[in-house]
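Read off the chains here:
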Amino acid sequence: MQDVLVFRRVRAVDPARGLDAEIDVVVEGKLITRAGPRAADDLLGVGVAPDRVRVFEVPGALLLPGLVDLHAHLREPGQEYKEDIASGLAAAAAGGFTDVCAMPNTSPVNDTRAVTELLVHKARAVGGTRLHPIAAITVGQRGDTLTEMADLKEGGAVALSDDGRCVTRSDVMRRALEYASTFDLPIIQHAEDHALTAGAEMHEGAVATRLGLRGWPRVAEDVIVARDVLLAEYVRAKYHVAHVSTMGSVRILREAKSRGISVTAEVTPHHLLLTDQKLIGYDTACKVNPPLRETEDLVALREALADGTIDCIATDHAPHSPLEKDCELSEASPGMIGLELCLPLMLGLVEKGTLPMARVIDALTRAPARVVGLGAPTIAEGAPANLVLVDPNRAWKVEAERLRTKSKNTPFMGQTMKGMVLATIAGGAIAFDVEAKGR
Ligand code: DOR
Ligand code: ZN
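Residues numbered from 1 in each chain as written. Chains lettered and ligands numbered in written order. Predicted model: local features only at pLDDT ≥ 70, side-chain atom pairs only at ≥ 80, totals over all residues. Heavy atoms only, no water.

## Topic: the nonpolar core
Right, so step 1: Phe7, Leu160, Leu305, Ile310, Met346, Leu387 and Leu389 are the most contacted members of the largest nonpolar core, which has 118 residues in total.
Right, so step 2: For Leu389, the contacting residues outside a window of four places in its chain are Phe7, Val10, Phe56, Ala61, Leu62, Leu63, Met420, Val421, Leu422 and Ala423.
Right, so step 3: Residues Ala159, Cys312, Ala367 and Val371 belong to the second largest nonpolar core, which totals 13 residues. (Core = buried A, V, L, I, M, F, W, Y, C linked by side-chain atoms within 4.5 Å. Buried < 20%, exposed > 50% of the residue type's maximum accessible area, 1.4 Å probe, protein only. Contact = heavy atoms within 4.5 Å.)

## Observations concerning the pattern of salt bridges
Right, so step 1: Inspection of every chain in the model, using the stated rule, returns 31 salt bridges.
Right, so step 2: Note that Lys122 is salt-bridged to Glu76, the shortest N-O span being 2.7 Å. Of this pair, Lys122 sits in helix 3 (residues 113–126) while Glu76 sits in the loop between strand 6 (67–72) and helix 2 (85–94); the two residues are 46 residues apart in sequence, bridging distant segments of the chain.
Right, so step 3: Residue class for Lys122 comes out partly exposed when judged on its relative accessible area of 39%.
Right, so step 4: Classification of Glu76 as buried rests on a relative accessible area of 8%. (Salt bridge = Lys/Arg side-chain N within 4 Å of Asp/Glu carboxyl O. Helix = DSSP H or I, 4+ residues; strand = E, 2+ residues; numbered from the N terminus.)

## A look at the side chain of His270
Right, so step 1: Take His270: it is sitting in helix 10 (residues 269–273).
Right, so step 2: Among the residues examined, His270 registers a relative accessible area of 5% and is labelled buried.
Right, so step 3: Residues in contact with His270, not counting those within four places in the same chain, are Val288, Leu292, Thr315, Asp316 and Met336.

## Observations concerning the coordination of the zinc ion (ligand 2)
Right, so step 1: Protein-derived ligands of the zinc ion (ligand 2) are Asp163 (OD), His190 (ND1) and His243 (NE2), with the metal-ligand distances lying across 1.9 to 2.4 Å.
Right, so step 2: Considering all 4 donor atoms around the zinc ion (ligand 2), the spread of angles at the metal, 83 to 126 degrees, places the coordination shape in the irregular class.
Right, so step 3: One chain supplies every donor to the zinc ion (ligand 2), and in sequence these donors are spaced D-x26-H-x52-H. One end of the pair, His190, is in the loop between strand 10 (187–189) and helix 6 (194–197); the other, His243, is in the loop between strand 13 (239–241) and helix 9 (247–258), and 53 residues separate them in sequence.
Right, so step 4: Looking at His190, the relative accessible area reads 2%, which means it is buried. (Donors = N, O, S within 2.8 Å, 3.2 Å for Na, K, Ca; no water. Tetrahedral: all angles 85-135°; square planar, octahedral: opposite > 155°, others 65-115°.)

## Side note on the packing of helix 5 (residues 170–182) against helix 8 (residues 219–235)
Right, so step 1: One way to put it is that helix 5 packs onto helix 8 with a least axis distance of 10 Å and a crossing angle of 45 degrees. The pairing of helix 5 with helix 8 is recorded here as oblique in orientation. Relative to helix 8, helix 5 is oriented so that their crossing is right-handed. Residues Ser170, Met173, Arg174, Leu177 and Glu178 of helix 5 form the contact with helix 8, whose own contacting residues are Arg227, Asp228, Leu231, Ala232, Tyr234 and Val235.
Right, so step 2: Its residues assigned to classes, the contact of helix 5 with helix 8 comprises 6 nonpolar, 1 polar and 4 charged. (Axes fitted to C-alpha atoms, helices over the stretch in contact; angles between N-to-C directions. Parallel < 35°, antiparallel > 145°, perpendicular 65-115°, else oblique. Left-handed = near helix turned anticlockwise from the far one by under 90°. Nonpolar A, V, L, I, M, F, W, Y, C, P; charged D, E, K, R; others polar.)

Laid out in structure tokens, this is it:
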């Protein structure tokens, strides 16, 4: 066990400090103790015995602040055959995430302090990447009775969401926003007017018509986002939109932000990269909720992420087993895994020139940390050592055996990704090390 970690001649990118430079970074204990050009030279020359020092020196490697995921389904308690806390956190660490927020649509639902505390305790025992519970807004996620928010916050919840379900009743949403704001908890909305999406299998558009499948129209998301923005403005509460998927939502968010309303939003890698065309082969791996949309939405989402209208990138990591996916599209559960693919996919958009590196890294680190009130990860002397080392040039094939998640539901299976996480450091400890476990 080495107690000094040295990252030598890495390209360190930290948008929080406007940093993008080749430097050395030294970690001792839980902290970054040095960060600067040739900052490790004297340390490696003399003094510290080499067996106490682990040196990472990979030409072309990127060193980033630890990634923060606002939206993952870790399935524990209740559906451990899809994922559990240990496998979910291992997948997160392998994907470069030092902090993961776990959605409450488990079985039972995380609508009580007991479940919140169970998650916190189990994750602590696992170690490595940290878990931050998101508890339910309403009891059983049924949309009518508010949960005991003060209790949930004391138990460790960092936000509230009925994700998987939308809080459709306006009176409930109003009270949820008001009540949550007294505890400074953000409300995260899964924006879907269920009355408009009953029986939907994919995005409502020309492709759905051609395939004879029932559609989920954009407007079912837009009407909820528009109403919620008005409510958040009225009661002056913090409101966050999960997995934005439509150009209409983008327009509403942009207008809301320009008027100074306290709204934030996230987008998933799959909504930035894939469209409803992917459903032409009836591939259940491409069934997600909200559904993959059309090119004009994808373009609007990319623009919104670039200009900050959409603050964060979140995975919506949604593991499912063959039981839920090896069936007809109408029967299949929505969702795809994302924790181990997010960073390579996003670096791919940076390499193509679609999105600027600094904005993408900000959207994966500081912006999500801010939404849930975590300390912003940063690469600076004296800061907690939350870091991810990536080789942006190293390619790897997405294969079931390679992934740490228990589930394999991704349309990227078999594809070659460029960009490999080499090491993830959470609180000064090595949470993932490609050399120890192999890729
Ligand atoms: O695709 C999705 N999967 N969207 C959701 O809202 C829920 C999630 C899940 O839990 O599988
Ligand atoms: Zn959702």
